[in-house]
Amino acid sequence: MANERTGRRKFWFWAAVSGVVSAGVFLAAAELVALLVAPDGSPILAVGSFVIDIVPQPFKEFAIATFGEYDKVALLVGLALAVLVASAVAGLLQYLRRPLGVVALVIAGGVSVAAITTRAGASPFAAIPPIAGTIAGCLILWFLATRLRRWSTASIDSAPQVSADAEPVAATAQPVERPTVHPKGTAAPATVDRRMFFRVTAIAGASALIIGVGARAVINATAGSISAVRKALHLPAPRTVVTIPAGAELDIPGISPLFTPNADFYRVDTALTVPSVDPGTWRLVIDGMVDQRVELTFDDLVGMGVNEYAITLTCVSNEVGGDLLGNAVWLGVPIREVLKLAGPKSGADMVLSRSIDGFTASTPLESLTDDGLDAILAVGMNGETLPLEHGFPVRMVVPGLYGYVSATKWLSELKVTTFDADEAYWTPRGYSAKAPVKFSSRLDTPRTGEAIPAGRTPVAGVAWAQTVGIDRVEVSIDDGDWQAATLSSPINEDTWVQWFVDWDATVGTHYVAVRAVNKNGDVQIEERAPIAPDGSTGWQRTLIRVT
């Protein structure tokens, strides 16, 4: 009995392997066909994007809070593990209860087709890769499971059936059937099927790995070519530049720099992979409630004249004390000038911006047409062409609004409409359609968990109140009186300011709190609130250990 159980487990193991190999063939064939006819037809990426769309809000917040900019990598790893487990189960099903494994693979293919064809901007041939992958995977799974069943059956049939309780065979008993003797040089059926199973499994697995990785590498090389196009792109000189006042940046170790380097600037978006958009073929369509539909090329846009703007961006997912915000000098064109070309009609109150990857944002029309607000279509960032991951070739930057309602990357369309008629990506997912930034402050140094020596030390950080400006920042130590911090010279009301308080730190654990006051006299909200539906609130309170 023990040998029998061991034998069954052996065949179950190889059944699971056959399922994994078949899934590999599925994905490899799909990637190869995607390379040839439809680069947007990758099943794993389409399903990943679909998962991003349907995951409930709390899970999205957890992923962003836990993994930050690596949330998409975590998603891909999780999907890979799920595919591994599901494909192993499909192999077992096909071995034990055929054709259930093939049915499971067909269902997976159907889900892939649906995920791909329902994506915004899907090409006419986008469904072909997952269909081709499904067919290839099913054929391999059927073949491997069939060979495995023959191998297992032949092994069982050829095994000696001896019972410990068997009685001696009487002379008058029926003749015992002799094992079949195979001609010299021929293998038993079990051996033939075993060899064929291993041969096809090895060839299919290796081919899937080589073809799948190779096809994906070639597809990804497109991004490399776009990167080369970006590097070769020469933007016109700005008509106006940002003036940095004296004292705008404090020389304090550990404080956030005045301008966030592009490599360190936070990235939160719904794109599983960075879209590759050629500025030579890029088009921006302005339509909806307008006097005339307008379509602009990249040259048309920058030909309108570009200027520099210093603007701090904030993500709605930024928790109290979080780092999902950054300050940069942007190069771009005022959105109000672009909208004037189309002529928004009376009654419109919202612009629905759309990304190449299908993401949409709902921005109040007044925030884009107000002469006092520098809402722009950005093409440059911190002295260089806009990075790929930050929206190359064109993105929106709107001061005073959280990014999910204003900062659309890889922009393709501006639809003038109303909040009653249209809703954006995040609105049905539990977030407000309008989301002005809640002003706040952050402690950068000393950092929580890092012990500092006793003595005079700066307590420092940044504060922001886009479109209004920061009047003052106050710090309380051990629930003592609020002390006014020294502020850096603000660049404008749309950027953060740095601040610091000199503190004579004594040995022990101390409780530090910080709050900001804006130029309207409003004090930063003390009560804690979650990021949904329109941004977190609360004073940052930190324990600092002094040795």
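Quick notes on the rules
- Residues numbered from 1 in each chain as written.
- Predicted model: local features only at pLDDT ≥ 70, side-chain atom pairs only at ≥ 80, totals over all residues.
- Heavy atoms only, no water.
- Pairing = 2+ DSSP bridges.
- Helix = DSSP H or I, 4+ residues; strand = E, 2+ residues; numbered from the N terminus.
- Axes fitted to C-alpha atoms, helices over the stretch in contact; angles between N-to-C directions.
- Salt bridge = Lys/Arg side-chain N within 4 Å of Asp/Glu carboxyl O.
- Buried < 20%, exposed > 50% of the residue type's maximum accessible area, 1.4 Å probe, protein only.
- Patch = residues over 30% accessible without salt bridge, like charges linked within 9 Å, V, L, I, M, F, W, Y side chains within 5 Å.
- Areas by Shrake-Rupley, 256 points an atom, 1.4 Å probe, with all protein chains shown as cover.
- Lys, Arg positive; Asp, Glu negative; His and termini not counted.
- Charge placed at Lys NZ, Arg CZ, Asp CG, Glu CD.
- Parallel < 35°, antiparallel > 145°, perpendicular 65-115°, else oblique.
- Left-handed = near helix turned anticlockwise from the far one by under 90°.
- Contact = heavy atoms within 4.5 Å.
- Nonpolar A, V, L, I, M, F, W, Y, C, P; charged D, E, K, R; others polar.
- Polar contact = N/O pair within 3.5 Å; in protein donor to acceptor, adjacent residues only side chain to side chain.
- Phe/Tyr/Trp six-rings, centres within 6.5 Å; stacked < 30°, edge-to-face > 60°.
- Lys NZ or Arg CZ within 6 Å of the ring centre and 35° of its normal.

## Topic: the sheet that holds strand S2 (residues 294–297)
- Within the open sheet, the five strands sit side by side as S2-S1-S10-S5-S6. Their pairing is mixed. Edge strands, defined here as strands with exactly one partner in the open sheet, are S2 and strand S6 (360–364). Neighbour-to-neighbour, the strand axes of this sheet turn through a mean angle of 20 degrees, independent of strand direction.
- Pairing of strand S5 (residues 350–355) with strand S10 (residues 411–417), which is carried by six bridges, proceeds in the antiparallel orientation. Looking across to S10, one finds that leucine 352 is bridged to lysine 415.

## A few points about the pattern of salt bridges
- By the definition in use, this model includes 17 salt bridges.
- A salt bridge links arginine 267 to aspartate 269; the nearest nitrogen and oxygen atoms lie 2.7 Å apart.
- Measuring nitrogen to oxygen at the nearest pair gives 3.3 Å for the salt bridge that ties lysine 415 to aspartate 422.
- When its relative accessible area of 27% is taken as the criterion, lysine 415 is described as partly exposed.
- Given the relative accessible area of 18%, aspartate 422 is considered buried.
- When salt bridges that share partners are traced, they join Asp471, Arg472, Glu474 and Arg515 into one network.

## So, a negative patch on the surface
- A cluster of acidic residues, Asp349, Glu366, Asp370 and Asp420, forms a negative patch at the surface.
- Here glutamate 366 is to be found in helix H10 (residues 365–369).

## What to know about the packing of helix H2 (residues 43–54) against helix H4 (residues 71–96)
- For the pair H2 and H4, interaxial distance at closest approach is 10 Å and the crossing angle is 115 degrees. Between H2 and H4, the angle is such that the two are roughly perpendicular. Pair H2 / H4 crosses with right-handed handedness. The residues of H4 that touch H2, namely those facing Ile44, Leu45, Val47, Gly48, Val51 and Ile52, are Leu75, Leu76, Leu79 and Val83.
- Residues belonging to the contact of H2 with H4 are distributed by class as follows: nine nonpolar, one polar and no charged.

## Focus on the pairing of S6
- Along S6, five of the five residues are buried, which leaves the element largely enclosed by surrounding structure.
- Of the two faces of S6, the one lined by Thr360, Ser362 and Pro364 and the one lined by Ala361 and Thr363 are each fully buried.
- Strand direction decides the pairing type here: S5 and S6, joined by five bridges, are antiparallel. By the bridge assignment, methionine 350 is partnered in S6 with proline 364.

## Focus: a nonpolar patch on the surface
- Nonpolar side chains collect at one region of the surface, where Val20, Phe62, Phe67, Tyr70, Val73, Val77, Leu81, Leu84, Val85, Val89, Leu93 and Leu100 lie side by side and expose about 1100 Å² of accessible area between them.
- For the nonpolar patch, the secondary-structure elements that each account for two or more residues are helix H3 (57–67) and H4.
- Here the element with the most residues in the nonpolar patch is H4; it accounts for seven residues.

## Quick notes on a positive patch on the surface
- A cluster of basic side chains, namely Lys10, Arg194, Arg195 and Arg199, defines a positive patch on the protein surface.
- In terms of residues, the positive patch owes the most to one element, helix H7 (residues 189–232), which gives three residues.
- Relative to the helices and strands, arginine 194 is located in helix H7.
- Classification of arginine 194 by relative accessible area gives partly exposed; the value is 32%.

## Here we look at the environment of arginine 456
- With respect to the helices and strands, arginine 456 occurs in strand S12 (residues 455–464).
- For the pair formed by arginine 456 and threonine 506, sequence separation is 50 residues and the distance between their alpha carbons is 8.9 Å.
- The contacts of arginine 456, once residues within four sequence positions are left out, are Asp502, Trp503 and Asp504.
- A polar atom in the side chain of arginine 456 sits 3.0 Å from the side chain of aspartate 504.

## Thoughts on the packing of aromatic side chains
- Tallying each qualifying case throughout the model produces 15 aromatic pairs.
- Where phenylalanine 13 meets tryptophan 14, the ring centres are 5.0 Å apart and the plane angle is 70 degrees; that geometry is what we call edge-to-face.
- With 5.6 Å between their ring centres and 70 degrees between their planes, phenylalanine 197 and phenylalanine 198 make a pair best called edge-to-face.
- What links up through ring pairs into an aromatic cluster is the set Phe11, Phe13, Trp14, Trp151, Phe197 and Phe198.
- Here the basic side chain of lysine 434 rests over the ring of phenylalanine 419, its NZ or CZ set 4.9 Å away from the ring centre.

## Some thoughts on the sheet that holds strand S16 (residues 497–505)
- The strand order across the open sheet built from four strands is S11-S12-S16-S15, with neighbouring strands paired in antiparallel fashion. Every other strand in the sheet has two partners, leaving strand S11 (440–445) and strand S15 (486–487) as the edge strands with one partner each.
- Pairing of S11 with S12, which is carried by five bridges, proceeds in the antiparallel orientation. Its bridge partner being in S12, arginine 442 is matched across the sheet by valine 462.

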